[in-house]
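Chain residues, written in single-letter form:
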2 protein chains.
Amino acid sequence: MAMSSPLWVAPPFLSRPSSNISRSITYKRCRSSASNFFSQSDMEQPLMKGQKLMEFPHLTAAHKDLMVSLISALETRLDSHLLASSVVPPDVEFYQNDQGTSQGSLHIRRGLPSSHIDFVLASWLHLKVPTGSAMNITNLQAYLKSSTDVPHFQFELVQCSPTYFILFLDITPRKDLVLYPNYLKTFYEEAQLETLRQRLEQVPETKPYLSSSLYFRGVVSPTGILVSIKCEEVGGTDRCEEIIREHVSPIAHDVMVIWLEKYFSGATVGVTERAELEKRDLLVKTRAIEMDLSSSLPLQFGQEVANRVLSVIKGVLGV
Amino acid sequence: MAMSSPLWVAPPFLSRPSSNISRSITYKRCRSSASNFFSQSDMEQPLMKGQKLMEFPHLTAAHKDLMVSLISALETRLDSHLLASSVVPPDVEFYQNDQGTSQGSLHIRRGLPSSHIDFVLASWLHLKVPTGSAMNITNLQAYLKSSTDVPHFQFELVQCSPTYFILFLDITPRKDLVLYPNYLKTFYEEAQLETLRQRLEQVPETKPYLSSSLYFRGVVSPTGILVSIKCEEVGGTDRCEEIIREHVSPIAHDVMVIWLEKYFSGATVGVTERAELEKRDLLVKTRAIEMDLSSSLPLQFGQEVANRVLSVIKGVLGV
């Protein structure tokens with residue numbers, strides 16, 4: 001059950017690279033490097049906001065369809081709560097290492113000052129490991145301001161190989177569920193999240209995935225979906241595609257719909273509670289940066305690219 | 001993974017009976033009822049404090065040995081921190097229903113006023129279900145006062161059948177592990193609890209057990225052991241005995257030793273923190289009584305016996 005994978009399965013900036021990834025990978029600004037995955041004309045054109053992200057050039061069809069539909073659905077529903085443009089400059093919207101073997105794309109829209117949305121972040125990472133294989137980490141999350149206590153939305157699908165995926169799908173609590181039983185009741189016991197978790201559990205290829213981080217185990221909600229999907233039989237790649245299309249995708253959409261309902265009906269909280277939420281949220285964000293991003297990004301992309309990406313993320317997170 | 005068992009796997013007073021248990025079971029004071037399991041001379045003798053508990057008349061040899069050794073070890077190490085006598089009157093030290101088909105034993109020693117121990121509670125429940133089979137719930141826990149923030153110790157082993165057990169073994173946190181990263185570090189990340197959890201995970205007959213209570217999922221620590229042990233092959237009963245003797249017992253003792261070290265090195269906390277711990281602890285205890293004990297005990301033992309047992313437990317819990 002507990003896997004030895006170094007993956008942390010968390011927001012994109014929380015995801016550890018494989019420890020096999022060479023430390024010799026150095027940075028190079030994406031525009032100045034030839035890429036195996038983007039055409040020359042792509043590189044020469046000024047990037048449209050969010051366009052680069054939505055290309056998902058390294059994903060299987062089902063994985064790409066899922067990401068595009070999920071991100072589109074979320075942005076459509078939240079559009080009137082979000083600032084129109086991304087806060088991500090073009091050289092962070094797409095970035096890669098010197099060899100072009102590791103690539104990433106980041107897209108962030110902040111919430112309007114009048115809304116409870118802090119930011120919506122979507123990203124993908126493509127990491128080639130020395131063995132020749134590659135992994136793809138795709139992510140979508142919506143973080144809320146401390147003006148509401150509604151949980152954050154988190155989705156991450158990691159393709160470790162074409163027949164092995166790890167999924168994290170949750171609305172993560174912002175309060176201690178033992179100390180605040182009404183919070184547990186409102187957002188988890190009375191929602192249909194447990195039914196959705198159980199639905200995915202019925203798929204025989206899924207297994208509970210236990211993060212090696214004790215901290216992360218405490219971040220996940222009681223109905224959080226954290227599973228590995230392994231299709232080892234003949235035709236495993238097709239079966240994985242089928243699972244993503246038939247099971248992961250509808251369940252991810254359903255969880256998002258539940259979260260959106262909670263978001264739209266969430267009340268504004270008082271000043272004292274706001275301070276408590278802010279404190280806890282900040283701890284989560286700081287820990288994320290400290291634990292993972294600050295060491296793993298330089299390793300994958302070199303210090304300069306990492307600094308560029310980190311500076312954008314830190315700015316948005318406020319840490 | 002998620003099981004449909006109505007068991008909550010929690011302290012003894014938290015354990016739900018099978019929903020099959022007849023509602024017609026009525027109470028009868030244990031002394032006035034013949035028992036299949038206790039000799040007449042036992043009934044006529046005044047009970048020694050704790051003696052009845054340690055008989056464990058319905059357990060397999062390995063299960064009984066484990067309980068006796070664990071309780072003895074804990075009481076020996078904590079003896080100078082505990083009041084000499086049990087707070088449990090004889091008619092709660094052993095109780096049963098009208099037919100003598102459901103029986104229970106409870107033993108509680110409070111901590112000395114000068115110690116951080118609130119109470120140590122040990123118990124067993126033997127519940128005959130209408131199908132003719134029986135289940136045995138055995139429990140040991142040590143609750144601490146709010147003068148310390150050291151986690152509580154919890155052990156519960158449920159024998160659903162001779163070839164199917166559920167184990168809960170944990171030191172349960174008393175603070176939000178996200179909000180208090182140092183607490184997580186001190187009691188979980190720096191302890192060897194995860195290694196012990198992984199050791200038991202290696203036993204092929206064990207599987208993670210997911211409580212149906214979302215609340216309970218939030219009570220368990222990130223290194224908490226919550227597993228089912230199922231030995232379905234020929235010789236399953238012997239194999240279960242072997243697993244309890246060779247794996248569960250040493251791991252339970254090891255977790256207890258870690259907890260005892262934490263307990264003996266635990267500092268006294270300040271007034272503000274004490275109030276917070278008290279509030280959270282009280283919520284846990286109240287929820288336990290509300291959710292489970294108040295409805296399940298009358299069902300199993302009848303209202304009068306249930307009231308008697310409940311009154312003792314509520315008194316000790318302070319709810």
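In case you missed it, the structure is sitting above this.
We now turn to the structure provided with this report. Quick caveat, the model's predicted, so the values are computed rather than measured. (Residues numbered from 1 in each chain as written. Chains lettered and ligands numbered in written order. Predicted model: local features only at pLDDT ≥ 70, side-chain atom pairs only at ≥ 80, totals over all residues. Heavy atoms only, no water.)

## Section: the side chain of S105 of chain A
Residues and elements named next belong to chain A.
Here is step 1 of the chain: For S105, the position within the fold is in strand β3 (residues 102-110).
Here is step 2 of the chain: On the accessibility criterion, S105 (1% relative accessible area) is buried.
Here is step 3 of the chain: At 3.4 Å, the side chain of S105 forms a polar contact with the backbone nitrogen of L53. (Helix = DSSP H or I, 4+ residues; strand = E, 2+ residues; numbered from the N terminus. Buried < 20%, exposed > 50% of the residue type's maximum accessible area, 1.4 Å probe, protein only. Polar contact = N/O pair within 3.5 Å; in protein donor to acceptor, adjacent residues only side chain to side chain.)

## Side note on the relation of the copies chain B and chain A
Here is step 1 of the chain: It takes a turn of 180 degrees to lay chain B on chain A, together with a shift of 0.0 Å along the axis; the resulting RMSD is 0.0 Å. A rotation of that kind, with that shift, is consistent with a two-fold axis. Residues of chain B ranked by C-alpha distance from the rotation axis are headed by D176 of chain B, positioned 2.7 Å from it.
Here is step 2 of the chain: Most of the interface of chain B is mirrored in chain A: 96% of its interface residues are interface residues there too. (Least-squares fit on C-alpha atoms with pLDDT ≥ 70 in both. Contact = heavy atoms within 4.5 Å.)

## A look at the interface of chain B and chain A
Here is step 1 of the chain: Listed as interface residues are 27 residues of chain B and, on the opposing side, 26 residues of chain A.
Here is step 2 of the chain: Roughly 2600 Å² is buried in total at the junction of chain B and chain A, and carbon and sulfur atoms are behind 68% of that figure.
Here is step 3 of the chain: For the interface between chain B and chain A, the tally reads six salt bridges.
Here is step 4 of the chain: Residue R217 of chain B pairs with E194 of chain A through a salt bridge whose shortest N-O separation is 2.7 Å.
Here is step 5 of the chain: For the pair chain B and chain A, the number of links is eight residue pairs in polar contact (both at pLDDT 80 or more).
Here is step 6 of the chain: When residues of the side of chain B that touches chain A are traced back to their parent elements, those giving at least two are α5 (181-189), α6 (193-201), α7 (214-219) and α9 (271-301) of chain B. (Buried area = accessible area lost by both parts, 1.4 Å probe. Salt bridge = Lys/Arg side-chain N within 4 Å of Asp/Glu carboxyl O.)

## Re the pairing of strand β5 (residues 134-144) of chain A
Residues and elements named next belong to chain A.
Here is step 1 of the chain: Most of β5 sits inside the fold, with 10 of its 11 residues counted as buried.
Here is step 2 of the chain: Where strand β4 (residues 117-128) and β5 come together, 11 bridges link them in antiparallel fashion. When the sheet's bridge partners are listed, V120 is paired in β5 with A142.
Here is step 3 of the chain: With antiparallel pairing between neighbouring strands as the criterion, β4 and β5 make up a hairpin whose turn holds five residues, including G132 at a positive phi of roughly 105 degrees.
Here is step 4 of the chain: Sheet topology note: the β5/strand β6 (residues 152-161) ladder contains seven bridges and is antiparallel. Bridge pairing in β6 links N139 to E156. (Pairing = 2+ DSSP bridges.)

## Quick word on the pattern of salt bridges
Here is step 1 of the chain: Tallying each qualifying case throughout the model produces 38 salt bridges over all chains.
Here is step 2 of the chain: Between D91 of chain A and R308 of chain A there is a salt bridge; the shortest N-O distance is 3.4 Å. Taken together, the residues D91 of chain A in helix α4 (residues 90-93) and R308 of chain A in helix α10 (residues 303-317) connect sequence positions 217 residues apart. You'll find D91 of chain A and R308 of chain A in the same group, each marked buried.
Here is step 3 of the chain: Across the salt bridge formed by R239 of chain B and E205 of chain B, the nearest N and O atoms sit 2.8 Å from each other. Taken together, the residues span a long stretch of sequence, with R239 of chain B in helix α8 (residues 236-265) and E205 of chain B in the loop between α6 and β8 (206-208) at a distance of 34 residues.
Here is step 4 of the chain: When salt bridges with common partners are traced through the structure, they connect E194, R197 and E201 of chain A together with R217 of chain B into a single cluster.

## Description of unusual backbone geometry
All names here are of chain A.
Here is step 1 of the chain: Even without glycine at this site, F56 takes up a positive phi of about 35 degrees.
Here is step 2 of the chain: Mapped onto the fold, F56 is located in the loop between α2 (51-55) and α3 (61-78).
Here is step 3 of the chain: Take F56: its relative accessible area is 2%, and that puts it in the buried class.

## What about the packing of aromatic side chains?
Residue and element names in this part refer to chain A.
Here is step 1 of the chain: Per the stated rule, a full pass over the model turns up 16 aromatic pairs over all chains.
Here is step 2 of the chain: Taking 4.9 Å as the distance between ring centres and 70 degrees as the angle between the ring planes, the aromatic pair formed by Y95 and F301 counts as edge-to-face. Of this pair, Y95 sits in strand β2 (residues 94-97) while F301 is found in helix α9 (residues 271-301), placing the two residues 206 residues apart along the sequence. Each member of the pair Y95 and F301 is classed as buried.
Here is step 3 of the chain: Grouped by ring-pair contacts, the aromatic residues F153, W259, Y263 and F264 constitute a single cluster.
Here is step 4 of the chain: One cation-aromatic arrangement involves R287 over Y215; the distance from NZ or CZ to the ring centre is 4.2 Å. (Phe/Tyr/Trp six-rings, centres within 6.5 Å; stacked < 30°, edge-to-face > 60°. Lys NZ or Arg CZ within 6 Å of the ring centre and 35° of its normal.)

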